[in-house]
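Survey of secondary and tertiary structure
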Amino acid sequence: MRKKLTVLVILLLCMGVSVCAQDAVEALGFSLDVVWLFIGAILVFIMQIGFACVETGLTRAKNATNITMKNVMDFMFGAIVYWALGWGFMWGKDAGGLIGTSQFFHSPMELTIENGIFYKNWFFQVVFAATSATIVSGAMAERTQFKSYLVYTCFISAFIYPISGHWIWGGGWLSDLGFHDFAGSTAVHSVGGWAAFMGAIVLGPRLGKYVRSADGKVAVKAFPGHNIPYAALGVLLLFFGWFGFNGASTGIATIGEGGIWSGLNIARVCVTTTLAAAAGAISALIFSWIWFKKPDASMTLNGLLGGLVGITASCAVVSPGASIAIGLIAGVLVVLSVEFIDKVLKVDDPVGAVSVHCACGIFGTLAVGVWANAPGNSVVGLLHGGGFTQLGNQVIGILAVGAWAAVTSLVLFLLIKALFGLRISAKEEAIGLDLSEHKSEAYSGFQIFSNM
């Protein structure tokens, strides 16, 4: 009898130890997921610095303070409005696959797993919202009223980006359709790119950019950036931050249920991201060298960014070889798009933001339908026997999100123009926004020869 009792006690102790061990493993897994997502969010936050450096370096010295201020303050305003409204529209209870309807001003205080998941996810998602908003800054650089830019950035972070984001990631209709955008070629970059395009159109070109001669021909004048090393630093910071942008989009660091949305895929995502960026820079370098007879620095830098944007949708579902192909195409596409928008459409985009984020975002989203090879997650492209199903889903998503972002941004910019004014005066533009908008020079005490 005593032996039986002893065995029973040992069994109960073992069961207790097993339960405790399982709880400990789950707690450790949750902690690792939180830490990984926070590291990813911090990396993406560093991209704000990258955007500020790129835009400042590729524009004129007399506007450097203004561009820096825009890249700082769009995150500050965006964070608050995304917490108040944007999160609810994007991740709240679904209504008809179109919009979230709950968790506005969400402020849970009880320390539970559920609330911990909310806070870690919010912290990761807010930096994505900021990225989408800050893309617009470069395309509208050197001639936009500061107050009007802040009004716009609040609306994209609170309304435009979250609603289309809900369609894709928040359980909306595009998600149900089978549209795939792993880290945001469309959800983040195309939305920001379309808004940038509409903003540049409504705003008009910088003074002296397009000059019509007596014979009716329009001469296109280049305004070289004042600090290419600064732009290169910004691009490399963006590249660095992209490992969080794409890598942490797995959502967890642990194995979880496996598949592309797990820690098993982090390393491959970072590899495909690296290769696409490298291929984009190389192809833009070679193509611009052939086209312009010189290796163009700004085109090469934008080619690197184009490769990153191009791989963002597909980074979790393509092979390393496919990522190189995607990057090569994206790098050439950037050069062609910059030339087409500037020389043919006559839309003034000082830093090439529309080409990098909109054009390459569209291409990157289509690339899923061509090169994807993740049958375990039902994402298979044309080249791997998936037929045109996935490609068709991608086209529908591109058109729907593009129409949403373009129309809402166009209406918003027209309203801002009518109510507050959008563009600075010709005199203020000639002086530079640093002095006219902020009464502060970025290079005080230095002679800036291109001020006027």
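Residues numbered from 1 in each chain as written. Predicted model: local features only at pLDDT ≥ 70, side-chain atom pairs only at ≥ 80, totals over all residues. Heavy atoms only, no water.

Below, the discussion takes up the overall build of the protein. Looking only at helices and strands, the protein has 14 helices and six strands in total. Across the 452 residues of the protein, 53% fall into the buried class. Considering only intrachain contacts with a sequence separation of at least 6, the fraction spanning at least 24 residues in the protein is 76%. About 19,200 Å² of surface is accessible on the protein, with carbon and sulfur atoms providing 73% of the total. Computing the positive centroid from 24 side-chain charges and the negative centroid from 23, the protein places the two 5 Å apart. (Helix = DSSP H or I, 4+ residues; strand = E, 2+ residues; numbered from the N terminus. Buried < 20%, exposed > 50% of the residue type's maximum accessible area, 1.4 Å probe, protein only. Contact = heavy atoms within 4.5 Å. Areas by Shrake-Rupley, 256 points an atom, 1.4 Å probe, with all protein chains shown as cover. Lys, Arg positive; Asp, Glu negative; His and termini not counted. Charge placed at Lys NZ, Arg CZ, Asp CG, Glu CD.)

What follows concerns the nonpolar core. In this structure, Phe128, Tyr152 and Tyr161 are the most contacted members of the largest nonpolar core, which totals 109 residues. If you tally residues by element for this core, the top one is helix 3 (residues 113–139), at 12 residues. Ignoring sequence-local partners within four residues, the contact set of phenylalanine 128 consists of Val44, Tyr161, Trp169, Ala183, Val188, Phe245 and Ser249. (Core = buried A, V, L, I, M, F, W, Y, C linked by side-chain atoms within 4.5 Å.)

Moving on to the side chain of histidine 189. For histidine 189, the location among the structural elements is in helix 6 (residues 185–203). Among the residues examined, histidine 189 registers a relative accessible area of 0% and is labelled buried. Apart from the residues within four sequence positions on either side, histidine 189 is in contact with Thr131, Ile135, Gly184, Trp242, Phe245, Val309, Thr312, His357 and Cys358.

This brings us to the packing of helix 9 (residues 297–312) against helix 10 (residues 320–344). Helix-helix packing: each pair is described by the crossing angle between the helix axes and the interaxial distance. At their nearest, the axes of helix 9 and helix 10 sit 7 Å apart, and the two run at 130 degrees to each other. On the basis of the axis angle, helix 9 is oblique to helix 10. In terms of crossing hand, the pair formed by helix 9 and helix 10 is right-handed. Together, Met299, Asn302, Gly303, Gly306, Gly307, Gly310 and Ile311 of helix 9 and Ser323, Ile326, Gly327, Ala330, Gly331, Val334, Val335, Val338 and Glu339 of helix 10 make up the contact between the two elements. Considering only residue class, the contact of helix 9 with helix 10 consists of seven nonpolar, eight polar and one charged. (Axes fitted to C-alpha atoms, helices over the stretch in contact; angles between N-to-C directions. Parallel < 35°, antiparallel > 145°, perpendicular 65-115°, else oblique. Left-handed = near helix turned anticlockwise from the far one by under 90°. Nonpolar A, V, L, I, M, F, W, Y, C, P; charged D, E, K, R; others polar.)

We now examine the environment of asparagine 63. Along the chain, the position of asparagine 63 falls in the loop between helix 1 (2–57) and helix 2 (64–91). Spatially, the C-alpha atoms of asparagine 63 and aspartate 434 are 5.1 Å apart, while their sequence positions differ by 371 residues. Not counting chain neighbours up to four residues away, the residues in contact with asparagine 63 comprise Glu142, Gly432, Leu433 and Asp434. At 2.8 Å, the side chain of asparagine 63 forms a polar contact with the backbone nitrogen of leucine 433. (Polar contact = N/O pair within 3.5 Å; in protein donor to acceptor, adjacent residues only side chain to side chain.)

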